[in-house]
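Examining the three-dimensional arrangement
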Amino acid sequence: RLRYFLEAVLPAAEEAGVRLALHPNDPPPPVSRGAAQVIHGFQGMKKLIELVPSVANGITFCQGSFAEWDLDVVEAIRYFGGRDKIHHVHYRNPQGTYPNYVETFIDEGDTDMFRAMLTYRDVNYRFTLCSDHVPQITDDIGNGLIGRAYNHGYIKAMIQAVNSVR
């Protein structure tokens, strides 16, 4: 079904200059509600990008999902980014692995975020870096707006830091 969908949609996406970005299930269990997940783990994401070759066929690289799968996030960025298959990034940083993980602030998780940002630069990633799964703060003014503001400032600072070193 996924191949059928991609074969039908990708030509129109290519023609329109649109890049599709599939996000893995999050949280990322191999089985959810009794059904095996179509796209799970590194091999599942790899299968997706190889299923129907197209410049428009790619992924949302959710750093949190890759980290929760207990994968080397930087190596995964190199793999998918080196093939220009990262079309969107959720720049997030949990502690632990599935099912025992916690959403943390962007600078408190297990991933070396500076090393990850260096790798995005090195693979010439040029699309969005989005904050995701922001912890709630007491008296927040909305759905994690204070945490999101913190994360976006952090992302901007990381980009500046990475661009200052070669």
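The text that follows walks through the structure, step by step, so that each part is easy to find. All values derive from a computational prediction rather than experimental measurement. Throughout, a residue's number is its position along its own chain's written sequence, starting from 1. With pLDDT at 70 or above as the cut-off, local features in this predicted model cover only qualifying residues; side-chain atom pairs require 80 or more to be listed or tallied, and sums for whole chains, interfaces and linings still use all residues. To get the side-chain values, all heavy atoms of the structure are used, and hydrogens and water are removed first.

1. Describing the overall build of the protein
Stated formally: Each helix corresponds to a stretch of at least 4 residues labelled H or I by DSSP, and each strand to a stretch of at least 2 residues labelled E; elements are numbered beginning at the N terminus. We take the radius of gyration over the C-alpha atoms and set the globule estimate at 2.2 Å times the residue count to the 0.38 power. Relative accessibility decides the category of a residue: with a 1.4 Å probe and only protein chains considered, values under 20% of the type maximum give buried, values over 50% give exposed, and everything between is partly exposed. Only heavy atoms matter for contacts: two residues are in contact if any of them lie within 4.5 Å across the pair. Per-residue and other accessible areas follow the Shrake-Rupley method at a 1.4 Å probe size, with only the shown protein chains counted as cover for residues. As used throughout, the charge tally considers Lys and Arg to be positive and Asp and Glu to be negative, leaving His and the chain termini uncounted. For the purpose of locating charges, the reference atoms are NZ of Lys, CZ of Arg, CG of Asp and CD of Glu.
Helix and strand counts for the protein come out as six helices and eight strands. Ordered by position in the sequence, the α and β elements of the protein form the string α-β-β-β-α-β-α-α-β-β-β-α-β-α. By the compact-globule yardstick of 15 Å for 166 residues, the protein fits well, its C-alpha radius of gyration being 16 Å. In terms of overall dimensions, the protein has C-alpha extents of about 45 × 45 × 30 Å along its principal axes. A total of 166 residues make up the protein; the buried ones form 43% of that total. Here the analysis covers contacts within the protein between residues at least 6 apart in sequence; of these, 70% occur between residues at least 24 apart. Entry remark: accessible area of the protein is about 9000 Å², with carbon and sulfur atoms responsible for 53%. The positive charge centre, built from 16 side chains, and the negative charge centre, built from 19, are 8 Å apart in the protein.

2. Examining the sheet that holds strand S5 (residues 86-90)
Condition: Two strands form a pair only when DSSP identifies at least two bridges running between them. To get an axis, a line is fitted to the C-alpha atoms, and for a helix only the part in contact is used. The angle between two axes follows their N-to-C directions and goes from 0 to 180 degrees.
Strand order in the open sheet formed by four strands is S1-S4-S5-S8, with parallel pairing between adjacent strands. The sheet is open, and its two edges are formed by strand S1 (20-22) and strand S8 (129-130), each paired on a single side. Pairing between S5 and S8: two bridges, direction parallel. Across the sheet, residue Val-89 finds its bridge partner in S8, namely Leu-129. Helix H2 (residues 41-51) contacts S1 and strand S4 (57-62) of the sheet and is inclined by roughly 155° relative to S4.

3. Thoughts on the state of the cysteines
Counted only if it meets this: Cysteine sulfur atoms are paired as a disulfide whenever they come within 2.5 Å of each other.
With the rule as written, the count across this model stands at zero disulfides. The thiol of Cys-62 is not disulfide-bonded; the next cysteine sulfur, from Cys-130, is found 9.7 Å away. Judged by relative accessible area, Cys-62 falls into the buried class, the value being 0%. Classification of Cys-130 by relative accessible area gives partly exposed; the value is 27%.

4. Structural notes on empty space enclosed by the protein
Counted only if it meets this: A cavity here means a set of 1 Å grid points, computed over protein atoms only, where a 1.4 Å probe fits but cannot escape. A pocket is an open set with protein on both sides within 12 Å along at least 5 of 7 lines, and lining residues have an atom within 4 Å of a point. Grid points are joined across faces, edges and corners, and a volume is the space filled by probe spheres set on the points. Each residue gets one label: Ala, Val, Leu, Ile, Met, Phe, Trp, Tyr, Cys and Pro are nonpolar, Asp, Glu, Lys and Arg are charged, and the others, such as Gly, are polar.
Summed over all chains, the structure comprises two cavities of 30 Å³ or more. What lines the largest cavity is a set of 13 residues, among which Arg-92, Asn-93, Thr-104, Asp-132 and His-133 lie closest to the centre. A breakdown of the residues in the lining of the largest cavity according to their chemical character gives six nonpolar, four polar and three charged. Considered as a void within the structure, the second largest cavity measures approximately 30 Å³ in volume. Every residue lining the second largest cavity is listed: Gly-81, Asp-84, Ile-86, Val-123, Asn-124, Tyr-125, Arg-126 and Phe-127.

5. Considering unusual backbone geometry
Each neighbour pair has its own omega, and for Tyr-98 with Pro-99 the value is 5°, a cis peptide bond. Among the secondary structure elements, Pro-99 is positioned in the loop between strand S6 (95-97) and strand S7 (100-102). Phi angles above zero are rare outside glycine, and His-133 is one such case at about 50°. Within the fold, His-133 resides in the loop between S8 and helix H6 (145-163). Of note, Asp-139 is a non-glycine position whose phi angle comes to about 65°, a positive value. Mapped onto the fold, Asp-139 is located in the loop between S8 and H6.

Nothing here speaks to function; it is all geometry.
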